[in-house]
Amino acid sequence: MILALLLVIAALFIALWGVGKTVLGLAKRRQRTIYRGLALVCGSIAIGGYALGVSLVALAEGESAHGAESSPAPACRQASPTQVAHVVDHWASYLPPRFDCRLDDGTTYSAGVVPTGLMPVVLIAALATAGLTVAARSGGARSRSAGASDRYKGSAPA
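From a predicted model like this one, the values you see are computed outputs, not experimental measurements. Per chain, the residues get numbers from 1 upward, laid out in the order the sequence is written. With the structure being a predicted model, the display of local features is reserved for residues of pLDDT at least 70 and the display and counting of side-chain atom pairs for 80 or more, all residues being used for whole-chain, interface and lining totals. Remark: hydrogens and water are excluded; side-chain values derive from all non-hydrogen atoms of the structure.

**Quick look at the nonpolar core**
Short version of the rule: Side-chain atoms within 4.5 Å link the members of a nonpolar core, which is a set of buried Ala, Val, Leu, Ile, Met, Phe, Trp, Tyr and Cys residues. Burial classes: relative accessible area under 20% of the type maximum marks a residue as buried, over 50% as exposed, and values in between as partly exposed (1.4 Å probe, protein chains only). Whether two residues are in contact is decided by their heavy atoms: any pair within 4.5 Å suffices.
One finds C76 and F99 to be the most contacted residues of the largest nonpolar core, which totals 17 residues. Not counting chain neighbours up to four residues away, the residues in contact with C76 comprise V87, H90, F99, C101, Y109 and A111.

Laid out in structure tokens, this is it:
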């Protein structure tokens, strides 16, 4: 859990670095630097968001493993106080991060440990990172080859 929290903190610093690169790219009008900066921001959102979800699940699992008030899991009691008498077990998952409570009839419900919108944001940020990385690489290659061909235009020996 400590590692996941450190990843969240590192992601914040990387996002700030990406914002700085993006601003620098805008000031110097360098498209490749803009794409790289935005890819850093989106990548840090994806990694930090996933690490946050993992941290929340690990925290809920830790609460349910120790102490006199650990069964049923505190997250299950807070999520649905009316069904707490029927909770027989809980289940933690890290891919995707979630914490579910199992009832005596075999059904499950989410304890709501990980916010509902977190994983869609992580997925969108990861896809945006991939797209921006491809754009940065192809934009840089295009500008190099265009510059090389411009250099030789009209430079035939006299």
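**A look at helix 1 (residues 2-28)**
As a reminder of what qualifies: A helix here means a DSSP run of H or I that spans at least four residues, while a strand means a run of E at least two residues long, and both kinds are numbered starting from the N terminus. By definition here, a helix of n residues has an expected span of 1.5 Å times n minus one.
Spanning 27 residues, helix 1 covers 39 Å between terminal C-alpha atoms, matching the ideal 39 Å at 1.5 Å per step. All of the buried residues along helix 1 are A4, V8, A11, A15, G18, T22 and G25. On its buried face, helix 1 is in contact with helix 2 (31-65). Backbone geometry just downstream of helix 1 places R29 in the positive-phi region, at approximately 55 degrees.

**Overview of the side chain of S55**
Position of S55 relative to the elements: it lies in helix 2. S55 sits in the buried class, given a relative accessible area of 4%. Here S55 is in contact with M1, A4 and L5, once residues within four sequence places are set aside.

**Comments concerning the state of the cysteines**
Test applied: Only a pair of cysteine sulfur atoms within 2.5 Å counts as a disulfide in this structure description.
In total, this model carries one disulfide according to the counting rule given. Note on cysteine connectivity: C76 is disulfide-linked to C101, with sulfurs 1.8 Å apart. When the S-S torsion is -100 degrees, as for the bridge of C76 with C101, the disulfide is left-handed. One end of the pair, C76, is in helix 3 (residues 74-79); the other, C101, is in strand 2 (residues 97-103), with 25 residues separating them in the sequence. The exposure class of C101 is buried, given its relative accessible area of 1%.

**As for the environment of S71**
By the secondary structure assignment, S71 is in the loop between helix 2 and helix 3. By relative accessible area, which is 64% here, S71 ends up exposed. Placed 13 residues apart in sequence, S71 and V84 show a C-alpha to C-alpha distance of 9.8 Å.

**Observations concerning the side chain of S93**
Stated precisely, the cut-off is as follows: For the purposes of these results, a polar contact is taken to be a pair of N or O atoms within 3.5 Å, where, inside protein, one atom must be able to donate a hydrogen and its partner to accept one; residues adjacent in sequence count only when each atom of the pair is a side-chain atom.
Here S93 is to be found in strand 1 (residues 87-94). The class of S93 is buried, set by a relative accessible area of 9%. For S93, the side chain forms a polar contact with the main-chain nitrogen of L95, separated by 3.5 Å. Setting aside chain neighbours within four positions, we find S93 in contact with V57 and R98.

**A short note on the sheet that holds strand 1**
Let me state the cut-off plainly: Strand pairing requires that DSSP identify at least two bridges connecting the strands. Here the axes come from fitting lines to C-alpha atoms, over the contacting stretch only for helices, and the angles between their N-to-C directions go from 0 to 180 degrees.
Spatially, three strands are ordered 1-2-3 in an open sheet, and the strand pairing comes out antiparallel. Here the strands that pair on one side only, and so sit at the sheet edges, are strand 1 and strand 3 (108-110). Neighbour-to-neighbour, the strand axes of this sheet turn through a mean angle of 25 degrees, independent of strand direction. One ladder, built from three bridges, connects strand 2 with strand 3; its direction is antiparallel. Bridging from a neighbouring strand, C101 pairs with Y109 of strand 3.

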